[in-house]
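Residues per chain, in single letters:
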Amino acid sequence: MQDQEAPLAPGLYLVATPIGNLGDITLRALDVLRRVDRIACEDTRQTQKLLNHFQITTPTESLHEHNERDRAATIVAALLGGTRIAVVSDAGMPGISDPGMVLTAAAIAAGVAVIPIPGANAALSALVASGLPTTEFHFLGFLPEKAGQRRTRLEDLAADASDVERTLIFYEAPHRILDTLGDLEAVFGPGLRVVVARELTKIHEEFLRGPVSEVRTQMTSRDRVRGEITLMVQAPARSQAASGAAHATVAERVARLQSEFALDEKEALKRLAREMGRSKSELYRELQREQAARRKRP
């Protein structure tokens, strides 16, 4: 354990802050925030509320997604001069879908000591309480905002199946969660197991668990979806995904894509070829064989 009477070593301190409940701040985080020379904050106003609550008077400065690259050189220069600087985001661990990654890389490149101060994190907190596999998981941050790009990203993830079941973890905005659940259902199927964790550590903390179709129905019935959301998906293993796909013919899958996305047969075949990792011409020949076999049936 570090001697709190000894001077705090120079360096860049990445300090985790509560994601909701102020009681989740660590004793070490409070000690560091009190003893550094200044604190770089995603939003100085938000951080000031935390500092005021714990009667911390350390000066603050801004470090957010729009100025991090410009500010990094100045902050690194100060660190090289022996200044002790803490970095905090509005909530959770800096650098995880929040500012901090660029500055950390710059500090390391300059030979500055970088010291993580562990604490609350929404992705891991949600995962351990989700009931989904924790042996292998993949944190993906926020999905693209645009519908087409989001669907393509999910299709790529579906095609890139692992040898074992794994949990995919996303952060999502409340106004997009229903669209994202709809995309998951279309790409992976209605039986896909998902967990929506909302307002973690806060008064209205909630976990919705079940098939994506049922979770989406539950959320659709609400007047409004509020709060910070962590979305988790139990992605099937490669063998399971292949087995599931084997039960659907090319014609059935093409028809589904045409219906869901208003595509013509050519575009549906192109998308299916990308999903399955096969050539469009090969799938077209298979589709013709299926159609010919169906016409011969009595």
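To be clear, the structure that these remarks concern was listed above.
Note that the coordinates shown come from a computational prediction; the quantities given were computed from them, not determined experimentally. (Residues numbered from 1 in each chain as written. Predicted model: local features only at pLDDT ≥ 70, side-chain atom pairs only at ≥ 80, totals over all residues. Heavy atoms only, no water.)

Asks: Could you clarify how one ought to interpret the overall build of the chain in this entry?
Replies: In terms of regular secondary structure, the chain is built from 12 helices and 10 strands. For 298 residues, the compact-globule estimate of 2.2 N^0.38 gives 19 Å, and the C-alpha radius of gyration of the chain, at 24 Å, exceeds that figure by more than 25%. Going through the 298 residues of the chain one by one, you find that 43% of them count as buried. Look at the contacts in the chain between residues 6 or more apart in sequence, and 69% of them connect residues 24 or more apart. Carbon together with sulfur atoms contributes 51% to the accessible area of the chain, which is approximately 15,800 Å² in total. Separation between the mean location of the 38 positive side-chain charges and that of the 39 negative ones in the chain comes to 5 Å. (Helix = DSSP H or I, 4+ residues; strand = E, 2+ residues; numbered from the N terminus. Rg over C-alpha atoms; globule rule 2.2 N^0.38 Å. Buried < 20%, exposed > 50% of the residue type's maximum accessible area, 1.4 Å probe, protein only. Contact = heavy atoms within 4.5 Å. Areas by Shrake-Rupley, 256 points an atom, 1.4 Å probe, with all protein chains shown as cover. Lys, Arg positive; Asp, Glu negative; His and termini not counted. Charge placed at Lys NZ, Arg CZ, Asp CG, Glu CD.)

Asks: Explanation requested: the nonpolar core in the structure shown.
Replies: When a protein is soluble and globular, its nonpolar side chains tend to lie buried together. Counting 22 residues, the largest nonpolar core has Phe170, Leu181, Leu184, Val196 and Met219 as the members making the most contacts within it. What Phe170 contacts, discounting residues up to four positions off in sequence, is Leu140, Gly141, Leu143, Leu154, Leu157, Ile229, Thr230, Leu231 and Val233. Counting 19 residues, the second-largest nonpolar core is a separate cluster that includes Tyr13, Leu30, Val36 and Ile56. (Core = buried A, V, L, I, M, F, W, Y, C linked by side-chain atoms within 4.5 Å.)

Asks: So what exactly am I meant to see when it comes to the sheet that holds strand β7 (residues 166-172) here?
Replies: Strands belonging to one sheet form pairs held by backbone hydrogen bonds; the direction of such a pair is parallel or antiparallel. Ordered by their spatial adjacency, five strands build an open sheet running β6-β7-β10-β8-β9, and the pairing between neighbours is mixed. Two strands lie at the open edges of the sheet, namely β6 (137-142) and β9 (206-211), each paired on one side alone. The average undirected angle you get between the axes of adjacent strands in this sheet is 15°. Here strand β8 (residues 193-198) pairs with β9 via six bridges, running antiparallel. Counterpart to Val195 in the pairing with β9 is Arg209. Strands in contact with helix α6 (residues 147-159) are β6 and β7; relative to β7, the strand with the most contacts, it is inclined by about 165°. (Pairing = 2+ DSSP bridges. Axes fitted to C-alpha atoms, helices over the stretch in contact; angles between N-to-C directions.)

Asks: What is the right way to read unusual backbone geometry from this model?
Replies: The phi angle of most residues is negative, glycine excepted, and most peptide bonds adopt the trans form. For Glu199, which is not glycine, the phi torsion reads 55° and is therefore positive. Mapped onto the secondary structure, Glu199 falls in the loop between β8 and β9.

Asks: Looking at this structure, I do not really get the pattern of salt bridges. What am I missing?
Replies: Where charged atoms of side chains with opposite charge meet at close range, the side chains can pair. Overall, the coordinates contain 13 salt bridges when judged by the stated rule. Close ionic contact of Asp43 with Arg45 constitutes a salt bridge, the shortest N to O distance being 3.2 Å. Here the residues in one salt-bridge network are Arg38, Glu61 and Arg71, joined through shared partners. (Salt bridge = Lys/Arg side-chain N within 4 Å of Asp/Glu carboxyl O.)

Asks: Please clarify how the packing of aromatic side chains should be interpreted in this entry.
Replies: Each aromatic ring pair is described using two quantities: the centre-to-centre distance and the angle formed by the ring planes. Applying the stated rule across the entire model yields two aromatic pairs. Look at Phe139 and Tyr171: their rings are 5.1 Å apart centre to centre, the planes differ by 70°, and that puts the pair in the edge-to-face class. In this pair, Phe139 is assigned in strand β6 and Tyr171 in strand β7, connecting sequence segments 32 residues apart. Assessed through its relative accessible area of 10%, Tyr171 is described here as buried. Considering the side-chain rings of Phe142 and Tyr171, the 5.9 Å spacing of their centres and the 65° angle between planes classify their relative orientation as edge-to-face. With Phe142 in strand β6 and Tyr171 in strand β7, this pair connects stretches of sequence that are 29 residues apart. With relative accessibility at 44%, the residue Phe142 sits in the partly exposed group. In this structure an aromatic cluster arises from ring pairing among Phe139, Phe142 and Tyr171. (Phe/Tyr/Trp six-rings, centres within 6.5 Å; stacked < 30°, edge-to-face > 60°.)

Asks: What is the right way to read the pairing of strand β2 (residues 38-41) from this model?
Replies: Looking at chain direction, β2 and strand β4 (residues 84-88) are connected through four bridges and run parallel. For Cys41, the partnering residue across the bridge sits in β4 and is Val88. Bridging between β2 and strand β3 (residues 60-62) involves three bridges; their strand directions are parallel. The partner of Ile39 across the bridge, within β3, is Thr60. Between the parallel pair β2 and β3, the chain is carried across by helix α2 (residues 44-53), and the sense of this crossover is right-handed. (Right-handed = clockwise from strand over helix to strand, strands pointing away.)

Asks: Explanation requested: the sheet that holds β2 in the structure shown.
Replies: The parallel open sheet is built from five strands, whose spatial order is β3-β2-β4-β1-β5. Among the strands making up the open sheet, the edge pair consists of β3 and β5 (114-117). The mean inter-strand angle of the sheet, taken between neighbouring strand axes irrespective of direction, is 25°. Helix α4 (residues 101-109) rests against β1 (11-15), β4 and β5 of the sheet, and its axis sits at about 150° to β1.

Asks: Help me understand helix α7 (residues 177-188), please; the structure alone is not making it clear to me.
Replies: The periodicity of an α-helix, 3.6 residues per turn, causes residues three or four positions apart to be oriented the same way. Relative to the 16 Å expected for 12 residues at 1.5 Å per residue, α7 spans 16 Å between its end C-alpha atoms, a close match to the ideal helical length. Of the residues making up α7, those classed as buried are Ile177, Thr180, Leu181, Gly182, Asp183, Leu184, Ala186 and Val187. Of the surrounding elements, those touching the buried residues of α7 are α6, β7, β8, α8 (212-220), β10 (229-235) and α10 (250-261). Of the residues one or two after α7, Gly189 is the one with positive phi, at around 105°. (Expected span 1.5 Å × (residues − 1).)

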